[in-house]
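Each chain is listed here by its residues.
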Amino acid sequence: METTNMKPVLSVKDLAVEFKTYGGVVQAVRGLSFDVFPKETLAIVGESGCGKSVTFQALMGLIPCPPGRISQGTAIMGGRDILKLRRKELEAFRGLEMSMIFQDPLTSLNPTMKLGKQIAEVIVKHRGMTEQAALAEALDLMKLVQIPEASSRINQYPHEFSGGMRQRVMIAIALACRPKVLIADEPTTALDVTIQGQILELLKKLQREIDMAVVLITHDLGVVASVADRVAVMYAGQIVETGGVDDIFARPAHPYTAGLKSAIPNPLNPGIKSLVAIPGTPPDLFSPPVGCGFAARCPYAMNVCDGFPPPIQDLEGENKSQERYSRCWLHHQATPQVVKRMFSKENSSMEGHV
Amino acid sequence: MSNAQVNMSVRGLTKVFELGRGKSLTALNNINLDIMQGEILGLVGESGCGKSTLGKTLIKLHTESSGTIAFNGEDISGVMSSAKRKSFSRQVQMIFQDPYSCLNPRMTVEDIIAEGPDAHDMWKKEERREKVIQWLERVGLHASHISRYPHEFSGGQRQRIGIARALALEPKLVICDEPISALDVSVQAQVITLLKQLQVECGLTYLFIAHDLSMVRVICDRMAVMYLGSIVELGTVEQVYDQPIHPYTQALVSANPLPDPVAERARARQMIRGEINSPINVKPGCLFASRCPHVMEKCRTVTPVTRELGGSDRRVACHLMEH
């Protein structure tokens with residue numbers, strides 16, 4: 001997808017989020033910048049605790065404050081900074097321009113309210129319709145997300161629905177006002193694999209119909225490979241690599257991305273030997289390392305990695321119009337060619353960049 | 001595999017939970033399965049298909065409703081005498097899914113790991129500490145962790161403690177009930193490599209219960225696919241994953257996302273519609289019939305029998321096989 005010439009629908013610059021706890025201040029997100037372009041699917045990949053969910057909760061104004069605090073950064077959407085919206089403005093913005101679906105659809109729905117009414121609630125609030133008209137619209141939305149026998153199920157409660165069907169209701173609520181950006185936070189993690197396939201297919205279809213951008217937060221590289229256009233890999237509160245989906249999988253530039261790729265089982269390359277674990281655990285974000293967050297686990301770590309944070313190194317991707325960079329000293333001009341070649345030889349299934 | 005010794009043999013195993021008011025839930029329906037000595041047998045299926053119930057019934061945490069289970073040639077069905085149960089429980093152990101709830105929060109790591117061996121008088125008092133340290137080091141933890149409590153460890157470390165706890169009894173068969181699904185991606189590979197290494201070192205047999213098809217394809221020797229309490233397909237992972245025969249296995253493999261965008265775009269998806277049926281008061285006929293793309297008239301009334309394929313160990317339960 002062409003992106004450089006397009007204007008981003010959401011542009012986040014230098015976002016940082018921290019939480020005050022008894023143990024000290026956790027720096028959950030540390031200087032995050034990215035753009036979301038119209039109609040694209042951007043996948044945010046990372047392990048638990050890397051800050052991927054916190055980032056988008058911050059953008060939606062869902063961080064409890066205190067203990068949370070957005071300590072710096074801007075997020076421009078439709079010409080204004082959405083991090084500076086007041087409560088009233090935020091309520092008008094959420095669900096209308098940007099909406100979110102969550103991992104666990106059961107705890108996100110109101111157990112004491114009929115599902116049709118929960119969908120209609122959004123429509124009444126944002127589009128000022130009467131409840132009667134909104135209920136009719138809710139029925140159309142339930143048909144849109146392919147809930148069978150929608151006209152009888154509109155009066156049922158969440159506990160009468162299966163996990164997959166609940167997630168469809170969540171999607172219907174999120175799409176009620178045709179938002180420009182939909183944030184899907186691990187939408188299929190709690191679902192079975194055949195239901196996961198159905199939900200991903202539905203999201204793709206609706207994305208084309210509504211012309212919205214989807215930000216998919218996930219830890220599942222298989223899901224990323226099947227739906228994403230662009231990928232941003234997060235580690236210890238920062239984006240360590242970004243690029244087109246083909247570049248990320250065929251030519252990972254950051255050792256963490258490469259490690260993640262070989263740590264997951266690939267049925268196309270079976271055998272226990274193909275599975276290589278990343279040793280160690282992510283760093284403690286109470287006192288994040290001065291240098292690269294991944295240095296302690298990185299097989300290619302050099303002296304410089306411990307002491308200095310790696311700068312963003314622009315790389316050339318397959319699709320020149322897509323942003324492609326890695327936050328790694330390996331790609332710095334001063335790094336010896338030998339090290340660069342060693343890394344690219346081991347981690348590239350095609351020709352390397354370095 | 002045909003020359004290998006059978007470790008556990010299951011015939012006609014059925015488990016029915018009575019729900020009252022004339023309702024009953026058939027969790028396991030006529031399961032026939034042989035677990036071979038030294039193999040890793042993968043058991044896959046969607047949630048609610050009975051794979052955990054099968055694991056728990058094999059370790060006798062549930063009592064079977066009918067059918068027989070034989071371990072090392074000895075019948076262990078029904079209620080066992082306490083001596084028999086004691087020797088059985090030492091030889092068959094389980095690793096649980098949730099590393100947060102399977103360890104007693106009020107016990108130290110030393111007591112958690114030594115609890116089983118203590119019950120079986122395996123270790124002398126003076127060697128207890130040393131043995132625990134040996135096990136900690138074998139699972140990649142440190143000797144200094146011995147007096148800590150479970151809450152001081154990360155998920156991956158707790159799962160290592162769970163593994164040490166199970167293996168300290170020197171079992172022959174270990175039932176791994178989704179041992180990695182609660183862990184992060186990079187930690188999953190660490191735990192799997194550890195399980196594989198210990199399997200080789202200790203000559204263990206694993207029943208590996210999982211919903212992650214890719215992991216089963218990569219680490220298991222054979223796999224069984226379950227749907228609503230029945231095994232619908234069984235064979236080596238190459239046979240079952242690479243050339244699935246049962247329409248349900250085909251759908252499962254087709255829905256399994258591959259970590260390769262080029263391969264993902266190239267593949268033709270065979271999506272199945274609908275959701276899993278209720279296991280309450282099941283009627284005769286194939287349980288997959290309501291979702292099957294190749295459904296025939298017969299499927300709705302006659303329960304398909306499991307057939308063996310051309311003299312191999314491969315078994316499939318589907319009416320399509322008759323044609």
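On a predicted model such as this, the values are computed, not experimentally measured, just so you know.

**Q** Break down the overall build of chain A for me, with residues and values.
**A** Of the regular secondary structure elements, chain A holds 13 helices and twelve strands. For a compact globule of 354 residues, the expected C-alpha radius of gyration is about 20 Å, and chain A comes in at 21 Å, within 12% of that figure. Along the longest, intermediate and shortest principal axes, the C-alpha atoms of chain A span 70 × 45 × 45 Å. Burial status across chain A gives 56% buried among its 354 residues. Expressed as a percentage of contacts within chain A between residues at least 6 apart in sequence, the contacts between residues at least 24 apart total 64%.

**Q** Pulling in residues and values, what's your account of helix H8 (residues 193-210) of chain A?
**A** Residue and element names in this part refer to chain A. With 18 residues, H8 ought to run about 26 Å at 1.5 Å a step, and its terminal C-alpha atoms sit 26 Å apart, in line with that. Burial runs high along H8: 13 of the 18 residues are buried. Asp-211 occupies a position one or two residues after H8 and carries a positive phi of about 60°.

**Q** Would you mind going over the pattern of salt bridges in detail, with residue names and values included?
**A** In this structure the tally under the stated criterion is 28 salt bridges over all chains. Among the ionic pairs, Arg-127 of chain A bridges to Glu-137 of chain A, the shortest N-O distance being 3.0 Å. With a gap of ten residues between them, Arg-127 of chain A in helix H4 (residues 115-127) and Glu-137 of chain A in helix H5 (residues 131-144) connect regions that are remote in the sequence. Classification of Arg-127 of chain A by relative accessible area gives partly exposed; the value is 34%. Across the pair Arg-129 of chain B and Glu-110 of chain B runs a salt bridge, and its minimum N-O distance is 3.1 Å.

**Q** For the layout of surface pockets, give the residues involved together with the corresponding values.
**A** Of the pockets and cavities examined, the largest pocket occupies roughly 1,200 Å³. Lining of the largest pocket is provided by 45 residues; of these, Thr-189 and His-219 of chain A together with Ser-181, Gln-188 and His-211 of chain B occupy positions nearest its centre. Put simply, the parts of the chain that give the lining of the largest pocket at least two residues each are H8 and helix H9 (221-227) of chain A together with helix H1 (51-58), helix H6 (185-202), strand S8 (205-210) and helix H7 (213-219) of chain B. The residue makeup of the lining of the largest pocket, split by class, is 18 nonpolar, 19 polar and eight charged.

**Q** Account for the side chain of Ser-321 of chain A, with residues named and values stated.
**A** You can see Ser-321 of chain A is positioned in the loop between strand S11 (313-314) and strand S12 (325-326). A polar side-chain atom of Ser-321 of chain A sits 2.8 Å from a polar atom in the side chain of Asn-319 of chain A.

**Q** Go over the interface of chain B and chain A with me, naming the residues and quoting the values.
**A** At the interface, 38 residues of chain B touch 40 residues of chain A. Of the roughly 3,400 Å² buried at the junction of chain B and chain A (both faces included), carbon and sulfur atoms supply 64%. Contact with chain A buries area across many residues of chain B, yet Val-185, Val-218 and Pro-259 of chain B alone supply 20% of it, more than any other trio. Where chain B meets chain A, there are one salt bridge. For Arg-265 of chain B, the salt bridge goes to Asp-246 of chain A, with nearest N and O atoms at 2.7 Å. At the level of secondary structure, the elements contributing two or more residues to the side of chain B that touches chain A comprise H6, H7, helix H9 (247-255) and helix H10 (261-266) of chain B. By residue number, the principal contributor to the side of chain B that touches chain A is H6 of chain B, which donates eight residues.

Conventions adopted
- Residues numbered from 1 in each chain as written.
- Chains lettered and ligands numbered in written order.
- Predicted model: local features only at pLDDT ≥ 70, side-chain atom pairs only at ≥ 80, totals over all residues.
- Heavy atoms only, no water.
- Helix = DSSP H or I, 4+ residues; strand = E, 2+ residues; numbered from the N terminus.
- Rg over C-alpha atoms; globule rule 2.2 N^0.38 Å.
- Buried < 20%, exposed > 50% of the residue type's maximum accessible area, 1.4 Å probe, protein only.
- Contact = heavy atoms within 4.5 Å.
- Expected span 1.5 Å × (residues − 1).
- Salt bridge = Lys/Arg side-chain N within 4 Å of Asp/Glu carboxyl O.
- 1 Å grid on protein atoms, 1.4 Å probe; cavity = no way out; pocket = protein on both sides within 12 Å on 5 of 7 lines; lining within 4 Å.
- Points joined across faces, edges and corners; volume = space filled by probe spheres on them.
- Nonpolar A, V, L, I, M, F, W, Y, C, P; charged D, E, K, R; others polar.
- Polar contact = N/O pair within 3.5 Å; in protein donor to acceptor, adjacent residues only side chain to side chain.
- Buried area = accessible area lost by both parts, 1.4 Å probe.

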